[in-house]
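The lines below spell out each chain.
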Amino acid sequence: ELDDNSLELKYQPKANLRMREKISVEALVRWPSAHQHKIDTFLLIELSEEFGLIEQLTMQVVNKVFQDVHQWEQQEEQVIVWINLSAQLLSLEHLPQLLSRALQVWNISATSIGFEITESAFIQNIEHTTELLFQLKNCGFQLAIDDFGTGYSSLAYLRRFPINEIKIDKMFVQGMTTSIQDKQIVQSIIDLGHNFGLNVVAEGVEDEISLAMLEQMECDGIQGYLFAYPMPFEEIIPWHQKNK
Ligand code: G
Ligand code: MN
């Protein structure tokens, strides 16, 4: 079992390159380990899925995030928080009902919450996933495809799923300054997203040159260590005040 105290939740800002006053962050989980170094998130998720803990873990993250959003709303701050949803969780029955109930408990609006889903999560059960995504969309949640370009990218997803945003995988973003192919992939994803009316965010932006390139390519948003590292709840608003 997971106990509450083992969960360390951080928020990493996503910069909107057009409307800088908006605050949007991604919730990231770390488990503080007994050792000095922290367990890598990927390993954590893998282990959790294997032992069936992922539902518990995600619902804990959901509850904590909703509580934090509630607190921000009380300070009259509108922060949109994006939560990573694993493939496993997509197959959980009653997920929309669970999430709706959590919204009521914390008395927050679904429009403050988005879910990032990786492409590989989609292919497991297309029919079920499609239905689920429409249910989440109808609840008012925002949806993004995470790590776009690496998995089984299918253009059909863009037409089939009710998504708001795609996040370009950091592999391409980080290769962009040295590889013309990667640059062309990034440009193509941005154009593709725009043709479908989607918001396009580049992840893993670590340097000014990449930022300048992305601005020139008309990317809508960026995320990465250049802009901000993941930080605790209390630091988000002060950080935003300083950086807007
Ligand atoms: O796309 P996904 O949700 O898997 O990515 C989130 C992970 O990427 C987090 O573990 C986060 O710490 C990491 N990350 C965020 N920004 C950067 C960055 O600029 N560079 C690198 N290398 N990793 C980043
Ligand atoms: Mn993500």
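Enquirer: Just give me the short version of the environment of Trp239, but keep the residues and values in it.
Expert: Here Trp239 lies in helix 11 (residues 233-243). The class of Trp239 is buried, set by a relative accessible area of 16%. For the pair formed by Trp239 and Pro13, sequence separation is 226 residues and the distance between their alpha carbons is 9.5 Å. Sequence-distant contacts of Trp239, that is, excluding residues within four places in its chain, are made with Pro13, Phe227, Ala228 and Met231.

Enquirer: Can you tell me about the packing of aromatic side chains, naming the residues and giving the values?
Expert: All told, the structure shown has five aromatic pairs when counted by the stated rule. Taking the centre distance of 4.7 Å and the plane angle of 35° together, the rings of Trp72 and Phe233 count as tilted. Taken as a pair, Trp72 in helix 2 (residues 54-74) and Phe233 in helix 11 lie far apart in primary sequence, 161 residues in all. The same class applies to Trp72 as to Phe233, namely buried. Aromatic side chains Phe227 and Trp239 sit 4.9 Å apart centroid to centroid with 85° between the ring planes, which places their arrangement in the edge-to-face category.

Enquirer: Could you give an account of the coordination of the manganese ion (ligand 2), with specific residues and numbers?
Expert: The protein atoms that coordinate the manganese ion (ligand 2) are Glu26 (OE), Asn84 (OD1), Glu116 (OE) and Asp146 (OD), at distances spanning 2.1 to 2.4 Å. Sequence positions of the donors to the manganese ion (ligand 2) reduce to the motif E-x57-N-x31-E-x29-D. With Glu26 in strand 2 (residues 23-30) and Asp146 in strand 5 (residues 142-148), this residue pair connects regions lying 120 residues apart in the sequence. For the pair Glu26 and Asp146, a shared accessibility class is recorded, and that class is buried.

Enquirer: Report on helix 10 (residues 208-216), specifying residues and quantitative values.
Expert: Every buried residue belonging to helix 10 is among Ser210, Leu211, Met213 and Leu214, and all of these are buried. Within helix 10, the buried residues cover an arc of 165° as seen down the axis, which keeps them to one side. Exposed residues on helix 10 whose side chains face more than 90 degrees from its buried face are Glu208, Ile209 and Gln216. Where the residues of helix 10 are buried, they touch helix 8 (170-175), helix 9 (180-195), strand 7 (199-202) and strand 8 (221-222). Of the residues that open helix 10, the one with a side-chain oxygen 3.2 Å from the backbone nitrogen of Ile209 is Asp207.

Criteria and cut-off values
Residues numbered from 1 in each chain as written. Chains lettered and ligands numbered in written order. Predicted model: local features only at pLDDT ≥ 70, side-chain atom pairs only at ≥ 80, totals over all residues. Heavy atoms only, no water. Helix = DSSP H or I, 4+ residues; strand = E, 2+ residues; numbered from the N terminus. Buried < 20%, exposed > 50% of the residue type's maximum accessible area, 1.4 Å probe, protein only. Contact = heavy atoms within 4.5 Å. Phe/Tyr/Trp six-rings, centres within 6.5 Å; stacked < 30°, edge-to-face > 60°. Donors = N, O, S within 2.8 Å, 3.2 Å for Na, K, Ca; no water. Arc of directions from axis to C-beta. Polar contact = N/O pair within 3.5 Å; in protein donor to acceptor, adjacent residues only side chain to side chain.

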